[in-house]
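As a plain string of letters, each chain reads:
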Amino acid sequence: MSSPAVAPLIDAAKFFYVEGYFLTHGTASALELSSKAANAGKTFVLNLSAPFIPQFFNSNLQQILPHTDVLIGNEAEAEAWATANGLSNPKDLPAVAKALATSSKTNASRPRIVVFTQGAESTLVVTSDKPDEPKWYPVTALTDDQIVDTNGAGDAFAGGFLGALVAGKSLDEAVEAGHKLGSMCVQLVRTSLPFDLPFDLTLS
């Protein structure tokens, strides 16, 4: 990360994205990157990735969380985090999102955004500046015969959501883009997507 080839790229970047899987072997570098982003006022995004991350790597996760501006996960990952951290009702998704949104944050000038997907059920968004105002975003359901392969759907959602944020879109539009790409993903084998996006994500 400090090499002449990589360091300038990190310095120039405005958004950083790390998947929870990385915390199984690369916590030190993720911590350095997230703390650097927080101190520079840049956006650091963390994806919980799988229930076993908060279950077995919770201490690693808790090191990164204070530097995290956007946290993405699904309902199973949210429940796993809540259980690992002693919440009284791990299945209460808004309560879990609120706990994560309002936990300690290095860069307090920017509210933390917590996004929990639930497959075909509504996506939940809670922000630290309005922790008692959870917002639900309905998902356009597909028929059983339209669903081909669910692998990668969460990553497709994250890609659409973050692509929209990087492009300067609103939070509502970002969730819409995530839903659109997630829907495309499950209708195809693997993660090859057609480019029928809800809006142009091309960056100038």
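Our subject is the structure that appears above.
Residues numbered from 1 in each chain as written. Predicted model: local features only at pLDDT ≥ 70, side-chain atom pairs only at ≥ 80, totals over all residues. Heavy atoms only, no water.

Asks: Sorry, what's going on with the sheet that holds strand β3 (residues 70-74) here?
Replies: Strand pairing in a sheet takes place through backbone hydrogen bonds and is either antiparallel or parallel in direction. Strand order in this open sheet of six strands is β1-β2-β3-β4-β5-β6, and the pairing throughout is mixed. With one partner strand each, in any of the chains shown, β1 (15-19) and β6 (130-137) form the two edges of the open sheet. Across the sheet, the mean angle separating the axes of adjacent strands is 15° when strand polarity is ignored. Two elements, strand β2 (residues 43-47) and β3, share three bridges in a ladder whose sense is parallel. Bridge pairing in β3 places Val45 opposite Val70. Sitting on the sheet, helix α6 (residues 93-101) touches β3, β4 (113-118), β5 (121-127) and β6, and the angle it makes with β4 is about 150°. (Pairing = 2+ DSSP bridges. Helix = DSSP H or I, 4+ residues; strand = E, 2+ residues; numbered from the N terminus. Axes fitted to C-alpha atoms, helices over the stretch in contact; angles between N-to-C directions. Contact = heavy atoms within 4.5 Å.)

Asks: Which parts of the structure should I look at to understand the nonpolar core?
Replies: One broad rule of soluble globular proteins: the nonpolar side chains tend to lie buried together. Counting 26 residues, the largest nonpolar core has Phe44, Leu46, Leu71, Val96, Leu100, Val114 and Phe116 as the members making the most contacts within it. Contributing elements (two or more residues each) for this core: β1, α2 (27-39), β2, α4 (58-64), α5 (75-84), α6, β4 and β5. With five residues, the top contributor of residues to this core is α6. Residues contacting Leu100, with those up to four places away along its chain left out, are Leu65, Leu71, Trp81, Arg112, Val114 and Phe116. (Core = buried A, V, L, I, M, F, W, Y, C linked by side-chain atoms within 4.5 Å. Buried < 20%, exposed > 50% of the residue type's maximum accessible area, 1.4 Å probe, protein only.)

Asks: Where do I start with the packing of aromatic side chains in this structure?
Replies: When we look at a pair of aromatic rings, we describe it by the centre distance and by the angle of the planes. Scanning all chains against the criterion turns up three aromatic pairs. Plain terms: the ring middles of Phe52 and Phe57 are 6.3 Å apart, the flat faces sit at 70° to each other, and that makes the pair edge-to-face. Assessed through its relative accessible area of 23%, Phe57 is described here as partly exposed. An aromatic cluster is defined as three or more aromatic residues linked by ring pairs; in this entry it consists of Tyr21, Phe52 and Phe57. (Phe/Tyr/Trp six-rings, centres within 6.5 Å; stacked < 30°, edge-to-face > 60°.)

Asks: What is the right way to read the side chain of Asn60 from this model?
Replies: With respect to the helices and strands, the residue Asn60 is situated in helix α4. For Asn60, the residues in contact, after removing those within four places along its chain, are Leu23 and Thr27.

Asks: What is the right way to look at the pattern of salt bridges in this model?
Replies: Pairing is possible between side chains of opposite charge, provided their charged atoms come close. In total, this model carries five salt bridges according to the counting rule given. Asp69 is the partner of Arg110 in a salt bridge, and the nearest nitrogen-oxygen pair spans 3.5 Å. Of this pair, Arg110 sits in the loop between α6 and β4 while Asp69 is found in the loop between α4 and β3, placing the two residues 41 residues apart along the sequence. In the salt-bridge network here, residues are joined through shared partners; they are Asp69, Lys105 and Arg110. (Salt bridge = Lys/Arg side-chain N within 4 Å of Asp/Glu carboxyl O.)

Structural measurements only, silent on function.
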